[in-house]
Amino acid sequence: MNNGETRLSRRAAIQAGGIAGLAGLGAGALARPGWGPSRQDLGYDAQSGKYVLPPLPYAYDALEPHIDEQTMRIHHDKHHLGYVNKLNGAMEALAKVRAGEIDGGLIDHWSHELSFNGGGHINHTLFWLGIAPAGEGGGGEPSGTLAQAINRDFGSFDAFRGHFKAAAGSVKGSGWGWLCYEPVSGQLVVTHMHNQENGLFGGLVPLLGVDVWEHAYYLRYQNRRGDYLSAFMDVVNWGKIQRRFDEAVA
Ligand code: MN3
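In this report, we go over the structure that sits alongside the text. (Residues numbered from 1 in each chain as written. Predicted model: local features only at pLDDT ≥ 70, side-chain atom pairs only at ≥ 80, totals over all residues. Heavy atoms only, no water.)

### Observations concerning the overall build of the protein
Phase 1: When you go through the protein residue by residue, the secondary structure sums to nine helices and five strands.
Phase 2: When the helices and strands of the protein are listed from N to C terminus, the series reads α-α-β-β-α-α-α-α-β-β-β-α-α-α.
Phase 3: Contacts in the protein between residues far apart in sequence, at least 24 positions, make up 69% of those at least 6 positions apart.
Phase 4: Carbon and sulfur atoms form 54% of the exposed surface of the protein, whose accessible area is close to 12,100 Å². (Helix = DSSP H or I, 4+ residues; strand = E, 2+ residues; numbered from the N terminus. Contact = heavy atoms within 4.5 Å. Areas by Shrake-Rupley, 256 points an atom, 1.4 Å probe, with all protein chains shown as cover.)

Take a look at the structure:
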């Protein structure tokens, strides 16, 4: 899966480009992995310099009956917006700390606010874009190189599906289940993360995430997290996940 030539040429370009090359790498890293064509779609408005709540790419009721309209409205418009607002607030507060306007002893508090709400914002953005209504890409099974990689690394799609659901289902409290690309070994891995931890900072490239905080399913599924996870698998947008995978291994 790894293309050593591409990696080498990219490294050579960075070395040749010096600081400009590093800046280019930063922009590339921001754009990975297939989150959308623009920063606006990723939840960042470069003009205002603020993180923003990206609109859903489908109607609130489009995932019925798998994920209900009321849950989608509350989850997107209230919960996700809360992460965005608190992420912007943390960035502003940290700037004030640097300017000496706020007690430097609050770095610990604002650093936690930054990582928690930053993770929450990115996780949710990936979540909304990783699912789709039936007939518009949602459901079914992956094909192409992603299917080959899943078969190679998990044995079969059914084995992956069981592993993914078990990892997400066994989160203690609130968190996320993830399918990720692990760039050191070049393998796909399934893992779970607690609260709003974000594997981007650990080098994992997230491909498919499922929110297992109770706000993501409790209205329709109550304590039956497994039923929610089965329904989630019926709305996965495998075409989008394939594009994220393509960019991760490029
Ligand atoms: Mn959530």
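On we go.
### Looking at the nonpolar core
Phase 1: Core analysis: the biggest nonpolar cluster contains 51 residues, and Phe 160, Leu 188, Tyr 228, Phe 232 and Trp 238 have the highest contact counts within it.
Phase 2: For this core, the domains that each give at least three residues are domain 1 (3-129) and domain 2 (144-249). (Core = buried A, V, L, I, M, F, W, Y, C linked by side-chain atoms within 4.5 Å. Buried < 20%, exposed > 50% of the residue type's maximum accessible area, 1.4 Å probe, protein only. Domains from an automatic or database assignment.)

### A few points about the packing of helix H5 (residues 144-154) against helix H9 (residues 238-249)
Phase 1: Where H5 contacts H9, the axes come no closer than 8 Å and their chain directions differ by 80 degrees. One way to sum up the angle between H5 and H9 is to call them roughly perpendicular. For the pair H5 and H9, contact is made by Gly 144, Thr 145, Leu 146, Ala 149 and Ile 150 and by Trp 238, Ile 241, Gln 242, Phe 245 and Asp 246, respectively. (Axes fitted to C-alpha atoms, helices over the stretch in contact; angles between N-to-C directions. Parallel < 35°, antiparallel > 145°, perpendicular 65-115°, else oblique.)

### Things to note about the sheet that holds strand E3 (residues 175-182)
Phase 1: Strand order in the open sheet made by the three strands is E4-E3-E5, with antiparallel pairing throughout. Single-partner strands in this sheet number two, and they are strand E4 (187-194) and strand E5 (205-211). Sheet twist, expressed as the average angle between the axes of neighbouring strands with direction ignored, equals 20 degrees.
Phase 2: As paired strands, E3 and E5 are joined by six bridges and run antiparallel to one another. Directly across from Gly 177, in E5, lies its bridge partner Val 210.
Phase 3: Across the face of the sheet, H5 comes into contact with E3 and E4 while running at roughly 80 degrees to E4. (Pairing = 2+ DSSP bridges.)

### Focus: the coordination of the manganese ion
Phase 1: At 1.9 to 2.2 Å from the manganese ion lie its protein donor atoms, namely His 75 (NE2), His 124 (NE2), Asp 211 (OD) and His 215 (NE2).
Phase 2: The motif formed by the donor residues of the manganese ion, counted along the single chain, is H-x48-H-x86-D-x3-H. Taken together, the residues His 124 in helix H4 (residues 107-129) and His 215 in the loop between E5 and helix H7 (218-221) connect sequence positions 91 residues apart.
Phase 3: Look at His 124 and you get buried, because its relative accessible area is 0%.
Phase 4: Taking relative accessible area as the criterion, His 215 reaches 18% and is therefore assigned buried. (Donors = N, O, S within 2.8 Å, 3.2 Å for Na, K, Ca; no water.)

### Some points on the side chain of Glu 113
Phase 1: Looking at the element boundaries, Glu 113 is found in helix H4.
Phase 2: Buried within the structure, Glu 113 lacks any salt-bridge partner; its nearest side chain of opposite charge belongs to Lys 86, at an N-O separation of 5.6 Å.
Phase 3: Ignoring sequence-local partners within four residues, the contact set of Glu 113 consists of Lys 86, Ala 90 and Gly 118. (Lys, Arg positive; Asp, Glu negative; His and termini not counted. Salt bridge = Lys/Arg side-chain N within 4 Å of Asp/Glu carboxyl O.)

### Observations regarding the packing of aromatic side chains
Phase 1: For the structure on display, the rule yields 17 aromatic pairs.
Phase 2: An aromatic cluster is present here, built from Phe 127, Trp 128, Phe 154, Phe 157, Phe 160, Phe 164, Trp 176, Trp 178, Phe 232 and Trp 238 joined pairwise through their rings. (Phe/Tyr/Trp six-rings, centres within 6.5 Å; stacked < 30°, edge-to-face > 60°.)

### Topic: the environment of Ala 90
Phase 1: Counting through the fold element by element, Ala 90 comes out in helix H3 (residues 69-98).
Phase 2: Sequence spacing of Ala 90 and Asn 117 is 27 residues, and the spatial spacing of their C-alpha atoms is 8.5 Å.
Phase 3: Those residues within four positions of Ala 90 in sequence are excluded, and the remaining contacts are Trp 110, Glu 113 and Leu 114.

### A few points about the packing of H3 against H4
Phase 1: Running from N to C, H3 and H4 point in directions that differ by 145 degrees, and their axes come no closer than 8 Å. Between H3 and H4 lies a crossing of left-handed hand.
Phase 2: Broken down by class, the residue content of the contact of H3 with H4 amounts to 15 nonpolar, 11 polar and two charged. (Left-handed = near helix turned anticlockwise from the far one by under 90°. Nonpolar A, V, L, I, M, F, W, Y, C, P; charged D, E, K, R; others polar.)

### Topic: the pattern of salt bridges
Phase 1: In the structure shown here, the tally under the stated rule is five salt bridges.
Phase 2: Here Arg 220 and Glu 64 are joined by a salt bridge, their closest N and O atoms 2.8 Å apart. With Arg 220 in helix H7 and Glu 64 in the loop between strand E2 (50-51) and H3, this residue pair connects regions lying 156 residues apart in the sequence.
Phase 3: Residue Arg 220 is classed as partly exposed on the basis of its relative accessible area of 31%.
Phase 4: The closest approach of N and O atoms between Asp 153 and Arg 152, which form a salt bridge, is 2.8 Å.
Phase 5: A relative accessible area of 45% means that Arg 152 is categorised as partly exposed.

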